[in-house]
Amino acid sequence: MKMRHALSSALLSASFATAQLPDGAAISLSHGTAANSSRVTITDPGNHVWTLQSSPNLDDWTDVQSYKVHNGRLDTTVAHASSTTQLFYRTIYSAALQGTITSTTASALVLPATPYDYDNPALPPAFAVNPIAGQDNMPAGNVTTDAGAKLGRILFYDKRLSLNQTVSCSSCHQQANGFSDPDRFSRGFEGGRTDRNSMGLSNARWYQRESFFWDERSATLEIQVLQPIQNPVEMGMTLPALEARLGAEPFYTDLFNQVFGSPAVTSDRIARALAQFVRSIISVSSRYDAARAANFAIGAGWSNQEEQGRQLFNAPGSCSACHGTDNFVPGPNIFNNGLEFPYVDLGRGGVTGNAADNGKFKVGSLRNIALTAPYMHDGRFATLEQVVDFYSNQVVDNPNLSPPLRLPPQQGGGVRRPNFTAQQRAALVAFMRSLTDPSLATDPKYSDPFNYGN
Ligand code: HEC
Ligand code: HEC
């Protein structure tokens, strides 16, 4: 039998691997923090079964424990038999072991005893009335349920959605970063880069034009969520291959049965569950929300500077003309904010073929914007200060520049250049930082549910 292993012992701190491991796999064994324990770390996109063995003399090996890797990584502490004689340990991979452990909901996932609440979020009063209520893109045919969003959460973090099982949605939409990517262009399953900056997903549920992506090329979220899976740079899968792969996983057939009433894993159901999870990513617990509920009274929860920023943001013809409502999203229009001319990326115009749409881009909610750097469809600005400097005096005139960024005709119709003072610039940035919701960035109901060990 061909063994592939790493070796360590209570006396040897080094670990080493011999022979060839399964594709993409790497193992390391080091001393655990407790006496008589090893820290076993295995990277294995193939999610194989591995066995820890011990030996007093490197000749006769005894199985100590087997474990299955879930979602590409195992990082666990394994207790050793206490022994007065020296014992060596190794972690081995062998083809014969495969299939000896199957994954179950209980072994592969870390789920709460009481399911998380996704379908009944506590929303501020402004969300219950227009304009926000009218901007809700949840379709009657795919209303969010706790079970559906839970399944969507698992899919969102599952690397098996990509061809070589190395990239999940969460690779490019990271919770700590407002479900965006700190990289200017995201890395796909084979290391290739996306041609636009990843988009934050906070409050994506409220967008009047509904459509998704910077160029709004997907009419609904249910259509959108299947695109990255099939994108040749991002995840590289086909939907039939994904259905077959997930359909062979026992816990998925269980979960699909719970959500949809039968175990069939179909791309339509994958799309519904993913869309439910994305719509459940709701952020309403920022300093801004607390201050709004207190009518922006100045105090510990709301500074003079934040209030000055809010007033600048909401001044007529200013930022709120395009970043409106408590979700800071456009209403019925899509805008050109004068990033460049000639247009390097046609944006909406590349989809409609209409020259009047060139350089127009969707802009999602500014909630958690301080977490989602870099900024704009091409990630050209690293900081919010750079964004404010851009609007201050760098907006580029172009045939499609949207009216709020232009002076009225009686003032010549040129580009509006507010030339913010240093104090105004700082105030605008402080206001945008007040939209950060620390709970969203860490809330376990949006976090990775896979079991990577202890
Ligand atoms: C390799 C990186 C990558 C992966 C993987 C990825 N995305 Fe994205 N996502 C992006 C980028 C980049 C954009 C913007 C692309 C564009 O507009 O052309 C985007 C846009 C989106 C949007 C649009 C948001 C809006 O407001 O319009 C949603 C929703 C989204 N992704 C969800 C997902 C889901 C769900 C998955 C997993 C099935 C996923 N993404 C996988 C990089 C990625
Ligand atoms: C004419 C409409 C319009 C006005 C006015 C406007 N913006 Fe924007 N904003 C946009 C558009 C469109 C984008 C996306 C452009 C792109 O990526 O190509 C955007 C992007 C942004 C982004 C980056 C979003 C992200 O996810 O990367 C920030 C931050 C921002 N604007 C802040 C402001 C501030 C602050 C003001 C006021 C000083 C302002 N905007 C005024 C239309 C506008």
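For the structure, see preceding data.
As the structure is a computational prediction, the values presented were derived from the model and not from experiment. (Residues numbered from 1 in each chain as written. Chains lettered and ligands numbered in written order. Predicted model: local features only at pLDDT ≥ 70, side-chain atom pairs only at ≥ 80, totals over all residues. Heavy atoms only, no water.)

Ranked by size, the top nonpolar core spans 43 residues in total, and within it Leu 155, Phe 156, Leu 161, Ile 229, Tyr 252, Ile 270 and Leu 274 carry the most contacts. At the level of elements, helix 2 (146–157), helix 6 (239–247), helix 7 (250–260) and helix 8 (267–280) are the ones that each hand at least two residues to this core. Element by element, the count of residues in this core is highest for helix 8, at 7 residues. Contacts of Leu 274, omitting those with residues within four sequence positions, involve Gly 152, Leu 155, Phe 156, Leu 161, Cys 169, Val 225 and Ile 229. One finds Ile 369, Leu 405, Val 415 and Met 432 within the second-largest nonpolar core, a separate group that totals 28 residues. (Core = buried A, V, L, I, M, F, W, Y, C linked by side-chain atoms within 4.5 Å. Buried < 20%, exposed > 50% of the residue type's maximum accessible area, 1.4 Å probe, protein only. Helix = DSSP H or I, 4+ residues; strand = E, 2+ residues; numbered from the N terminus. Contact = heavy atoms within 4.5 Å.)

Inspection of the region around ligand 1 gives 27 residues, with Cys 169, Cys 172, His 173, Phe 213 and Trp 214 positioned closest. His 173 places a polar side-chain atom, nitrogen or oxygen, 2.9 Å from a nitrogen atom of ligand 1. The separation between an oxygen atom of ligand 1 and a polar main-chain atom of Phe 213 is 2.8 Å. (Near = heavy atom within 4 Å. Polar contact = N/O pair within 3.5 Å; in protein donor to acceptor, adjacent residues only side chain to side chain.)

So, on to the coordination of the iron atom of ligand 1. Counting protein donors around the iron atom of ligand 1 gives one, His 173 (NE2), at 2.1 Å. Position of His 173 relative to the elements: it lies in the loop between helix 3 (169–172) and helix 4 (221–224). (Donors = N, O, S within 2.8 Å, 3.2 Å for Na, K, Ca; no water.)

Below, the discussion takes up the packing of helix 10 (residues 304–314) against helix 13 (residues 422–433). Taken N-terminus to C-terminus, the directions of helix 10 and helix 13 make an angle of 95°; their axes are 7 Å apart at the nearest point. The orientation of helix 10 relative to helix 13 falls into the category roughly perpendicular. Within the contact between the two elements, helix 10 uses Gln 305, Glu 306, Gln 308, Gly 309, Arg 310, Leu 312 and Phe 313 and helix 13 uses Gln 423, Gln 424, Ala 426, Ala 427, Leu 428, Ala 430 and Phe 431. Here the residues of the contact of helix 10 with helix 13 are counted per class, giving 7 nonpolar, 5 polar and 2 charged. (Axes fitted to C-alpha atoms, helices over the stretch in contact; angles between N-to-C directions. Parallel < 35°, antiparallel > 145°, perpendicular 65-115°, else oblique. Nonpolar A, V, L, I, M, F, W, Y, C, P; charged D, E, K, R; others polar.)

If you trace the 3 strands from one edge of the open sheet to the other, you get 3-4-7, paired in antiparallel fashion. What marks the edges here is a single partner per strand, and that holds for strand 3 (26–31) and strand 7 (73–79). Sheet twist, expressed as the average angle between the axes of neighbouring strands with direction ignored, equals 15°. Summarising the sheet, strand 3 and strand 4 (residues 37–43) pair through 6 bridges and their orientation is antiparallel. From the neighbouring strand, Ile 27 faces strand 4, where its bridge partner is Ile 42. (Pairing = 2+ DSSP bridges.)

Glancing now at the pattern of salt bridges. Evaluation of the coordinates by the stated rule reveals 19 salt bridges. Residue Glu 222 pairs with Arg 279 through a salt bridge whose shortest N-O separation is 2.9 Å. Placement of Glu 222 in helix 4 and of Arg 279 in helix 8 is noted, with a sequence separation of 57 residues between them. Overall, Glu 222 belongs to the buried group, its relative accessible area being 16%. Among the charged side chains, a salt-bridge network with shared partners connects Arg 196, Asp 215, Arg 217 and Asp 345. (Salt bridge = Lys/Arg side-chain N within 4 Å of Asp/Glu carboxyl O.)

Turning our eyes to something else, we now look at the packing of aromatic side chains. Each aromatic ring pair is described using two quantities: the centre-to-centre distance and the angle formed by the ring planes. In this structure the tally under the stated criterion is 24 aromatic pairs. Centre to centre, the rings of Tyr 288 and Phe 431 are 5.9 Å apart; their planes meet at 80°, and the pair counts as edge-to-face. With Tyr 288 in helix 9 (residues 287–293) and Phe 431 in helix 13, this pair connects stretches of sequence that are 143 residues apart. Both residues of the pair, Tyr 288 and Phe 431, count as buried. For the pair Phe 390 and Tyr 391, a centre-to-centre distance of 4.9 Å together with 65° between the ring planes defines the contact as edge-to-face. Of the residues examined, Phe 390 reaches a relative accessible area of 2% and is grouped as buried. (Phe/Tyr/Trp six-rings, centres within 6.5 Å; stacked < 30°, edge-to-face > 60°.)

With that settled, the discussion passes to the site of ligand 2. Taken together, 21 residues lie around ligand 2, and Cys 319, Cys 322, His 323, His 377 and Tyr 391 are the ones closest in. His 323 has a polar side-chain atom sitting 2.8 Å from a nitrogen atom of ligand 2. For ligand 2, a nitrogen atom lies 2.7 Å from a polar atom in the side chain of Tyr 391. Considering each element in turn, the shell around ligand 2 owes the most residues, 3 residues, to helix 12 (residues 384–393).

Without other data, these values stay purely geometric and don't point to any function.
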